[in-house]
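Chain by chain, the residues run as shown.
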Amino acid sequence: MNYTHLGRTGIKVSRIALGTMEFGWQIDESDSVTIMDEALDAGINLFDTADVYGGPQSPEMDKGYGTSEEIIGRWLAQGGRRNRIVLATKVYQPMDTGPNDRRLSAYHIRRACEASLRRLKTDHIDLYQMHHVDRATPWEEIWQAMEQLIREGKITYVGSSNFAGWDIATAQCTAASRNLLGLASEQSLYNLAQRTIELEVIPALRHYGVGLIPYGPIGSGLLGGVLRGTAQGHSSSTPLQKRVAELRPQLEAYEALCDELGEAPALVALAWLLHNPIVSAVISGPRTVVQLRANLKATSLNLSNETLTRLDKIWPGPGEAPGAYAW
């Protein structure tokens, strides 16, 4: 396993992070434990979860599940593992139905953190990530709450997820005014077919030294050899089928390039992300040990400059603002 710094911080994380969103939902506890054991043995040290994980995820969800954290907590309670991993979880989504059981008020951050600690059966969270931005709560309040948790030893680093470029800038400026490190990382949707964050988010991360942790690296299966699967009679979801129809020419060119390279499309998609210097770790959410082992091969897949150029032609990015649209 290869390791790199999480943004500008001193801590090092594995280039592949274990995503646990489906623990307790699509993956039962026994299989979840097997996957975590395999990940740890393979050298993965960044384990990513959220308080809401354990069931269907929706912006309109009434409340989260806590199941993924509970499964990880029982696994950690077996001993000998906590100090070998960088444990990351998230706060923001509703964990109950009350008006203050969600978002990023100091009131909710404190209660949510303590609840996550109980479920995870640990006394500290290494990376506490804001799952979404809360523009209704002042940054002074948010950082005051995070600073208190850091002072109490309950969290070590703070991260964000699904932030816009200007949210990152605002967060960092306010943190600097309080003499805080600010954000260590940002977790965003990013893959070959979804490159919107290159417009302003990635430039902001580069400027402030914030590490990027992409999720959805294979585009919900789109970049995993979906045309091959369809040809072999594998069914796919209706939303995925719609995207395949819209992007078929690009998918055909992409899978042809992967065939030429002799590599699985999913591996090429992961390796492409790992070639970006702003990326600290890529979230891999395998459903099986076999999938996990396959994804690990991406860390040793070196894509040539020619291949990277060809991938850019197949899946062009938006460029960086303002040059992308001003001239």
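Treat the numbers as computed from the prediction; the structure is a model and nothing was measured. (Residues numbered from 1 in each chain as written. Predicted model: local features only at pLDDT ≥ 70, side-chain atom pairs only at ≥ 80, totals over all residues. Heavy atoms only, no water.)

Trainee: Just to check I follow, could you spell out the overall build of the protein chain for this structure?
Mentor: Of the regular secondary structure elements, the protein chain holds twelve helices and ten strands. C-alpha extents for the protein chain along the principal axes are approximately 55 × 55 × 35 Å. In the protein chain, which comprises 327 residues, the proportion classed as buried is 53%. Across the protein chain, contacts joining residues at least 24 apart in sequence account for 77% of those joining residues at least 6 apart. (Helix = DSSP H or I, 4+ residues; strand = E, 2+ residues; numbered from the N terminus. Buried < 20%, exposed > 50% of the residue type's maximum accessible area, 1.4 Å probe, protein only. Contact = heavy atoms within 4.5 Å.)

Trainee: Would you take a moment to explain the packing of helix α1 (residues 29-41) against helix α10 (residues 289-296) for this structure?
Mentor: Packed helix pairs are characterised by how far apart their axes lie and by the angle those axes make with each other. At a minimum axis separation of 9 Å, α1 and α10 run at an interaxial angle of 25 degrees. When the axes of α1 and α10 are compared, the pair comes out roughly parallel. Crossing handedness for the pair α1 and α10: right-handed. On the side of α1, the interface is formed by Thr34, Ile35, Glu38 and Ala39, while α10 contributes Val289, Leu292 and Arg293. Of the residues in the contact of α1 with α10, the class split is four nonpolar, one polar and two charged. (Axes fitted to C-alpha atoms, helices over the stretch in contact; angles between N-to-C directions. Parallel < 35°, antiparallel > 145°, perpendicular 65-115°, else oblique. Left-handed = near helix turned anticlockwise from the far one by under 90°. Nonpolar A, V, L, I, M, F, W, Y, C, P; charged D, E, K, R; others polar.)

Trainee: Would you mind going over the sheet that holds strand β3 (residues 16-19) with me for this structure?
Mentor: In any sheet, the strands associate via hydrogen bonds between backbone groups, in a parallel or an antiparallel arrangement. Ordered in space as β9-β8-β7-β6-β5-β4-β3-β10, the eight strands form an open sheet in which the pairing is parallel. Edge positions in the sheet fall to β9 (211-215) and β10 (282-284), since each of these pairs with one other strand and no more. Strand-to-strand, the axes of this sheet are offset by a mean angle of 30 degrees, without reference to chain direction. Relative to strand β7 (residues 155-161), strand β6 (residues 125-130) is paired through five bridges, and the arrangement is parallel. Each residue of the ladder has a partner; that of glutamine 129, found in β7, is glycine 159. (Pairing = 2+ DSSP bridges.)

Trainee: Where do I start with the packing of aromatic side chains in this structure?
Mentor: Aromatic ring pairs are reported here in terms of the distance separating the ring centres and the angle at which the planes meet. Counted according to the given criterion, the structure contains five aromatic pairs. Among the aromatic residues, ring-to-ring pairing joins Trp139, Trp143 and Phe163 into one connected group. (Phe/Tyr/Trp six-rings, centres within 6.5 Å; stacked < 30°, edge-to-face > 60°.)

Trainee: So what exactly am I meant to see when it comes to the nonpolar core here?
Mentor: It is characteristic of soluble globular proteins that their nonpolar side chains tend to be buried jointly. Ranked by size, the top nonpolar core spans 85 residues in total, and within it Met36, Tyr128, Met130, Met146 and Tyr254 carry the most contacts. For this core, the element with the highest residue contribution is helix α9 (residues 265-274), accounting for nine residues. Grouped together as the second largest cluster of nonpolar side chains are 13 residues, Leu6, Leu46, Ala184 and Ile213 included. (Core = buried A, V, L, I, M, F, W, Y, C linked by side-chain atoms within 4.5 Å.)

Trainee: Before we go on, may I ask you to explain unusual backbone geometry in this structure?
Mentor: Leaving glycine out, the prevailing phi sign among residues is negative, and the prevailing peptide bond configuration is trans. Residue proline 322 is reached from alanine 321 by a cis peptide bond, and omega for that bond is -5 degrees. We note that tyrosine 92 has phi near 150 degrees; this positive angle belongs to a residue other than glycine. Mapped onto the elements, tyrosine 92 comes out in the loop between β5 (86-91) and α3 (106-120). Even without glycine at this site, asparagine 162 takes up a positive phi of about 60 degrees. Structurally, asparagine 162 can be placed in the loop between β7 and α5 (165-177).

Trainee: Please explain the pairing of β3 as it appears in this structure.
Mentor: It is a general feature of regular strands that their side chains alternate between the two faces of the sheet. Here β3 shows no split at all, with Ile16 and Leu18 on one side and Ala17 and Gly19 on the other all buried. As judged from the three bridges shared by β3 and β10, these two strands associate in the parallel manner. Counted as the bridge partner of alanine 17 is isoleucine 283 from β10. In terms of handedness, the path from β3 via α1 over to strand β4 (residues 46-48) forms a crossover that is right-handed. (Right-handed = clockwise from strand over helix to strand, strands pointing away.)

Trainee: Quick question: what am I supposed to make of the side chain of histidine 124 here?
Mentor: Among the secondary structure elements, histidine 124 is positioned in the loop between α3 and β6. Only 2.7 Å separates the side chain of histidine 124 from the side chain of aspartate 123, close enough to count as a polar contact. When neighbours within four sequence positions are excluded, histidine 124 is seen to be in contact with Arg82, Leu87, Leu117, Gly153, Lys154 and Thr156. (Polar contact = N/O pair within 3.5 Å; in protein donor to acceptor, adjacent residues only side chain to side chain.)

Trainee: It is not clear to me how helix α4 (residues 139-151) should be interpreted in this structure. Could you clarify?
Mentor: In this model α4 runs 18 Å from its N-terminal to its C-terminal C-alpha over 13 residues, within 8% of the 18 Å that 1.5 Å per residue would give. Regarding α4, the residues found buried are Trp139, Ile142, Trp143, Ala145, Met146 and Leu149. One side of α4 carries all its buried residues, which in axial view fall inside an arc of 155 degrees. In this fold, the buried residues of α4 make contact with β5, α3, β6, β7, α5 and β8 (183-189). Glycine 153 lies just past α4 and shows a positive phi near 80 degrees. (Expected span 1.5 Å × (residues − 1). Arc of directions from axis to C-beta.)

Trainee: Hey, could you run me through the pairing of β9 in this one?
Mentor: For β9, the buried fraction is high: four of the five residues fall into the buried class. Sheet topology note: the β8/β9 ladder contains five bridges and is parallel. Among the inter-strand pairings, glutamate 186 is bridged to a residue of β9, identified as leucine 212. Crossover handedness for the path β8 to helix α6 (residues 201-208) to β9: right-handed.

Trainee: What's the story with the environment of tyrosine 215 in this structure? I'm lost.
Mentor: Position of tyrosine 215 relative to the elements: it lies in strand β9. In this structure tyrosine 215 comes out as partly exposed when scored by relative accessible area, which is 26%. Sequence separation between tyrosine 215 and valine 244 is 29 residues, and the spatial gap between their C-alpha atoms is 20 Å. When neighbours within four sequence positions are excluded, tyrosine 215 is seen to be in contact with Ser161, Asn162, Gln187, Ser188, Leu189, Tyr190 and Ile283.

Honestly, that's just the spatial picture; any functional story needs more than this.
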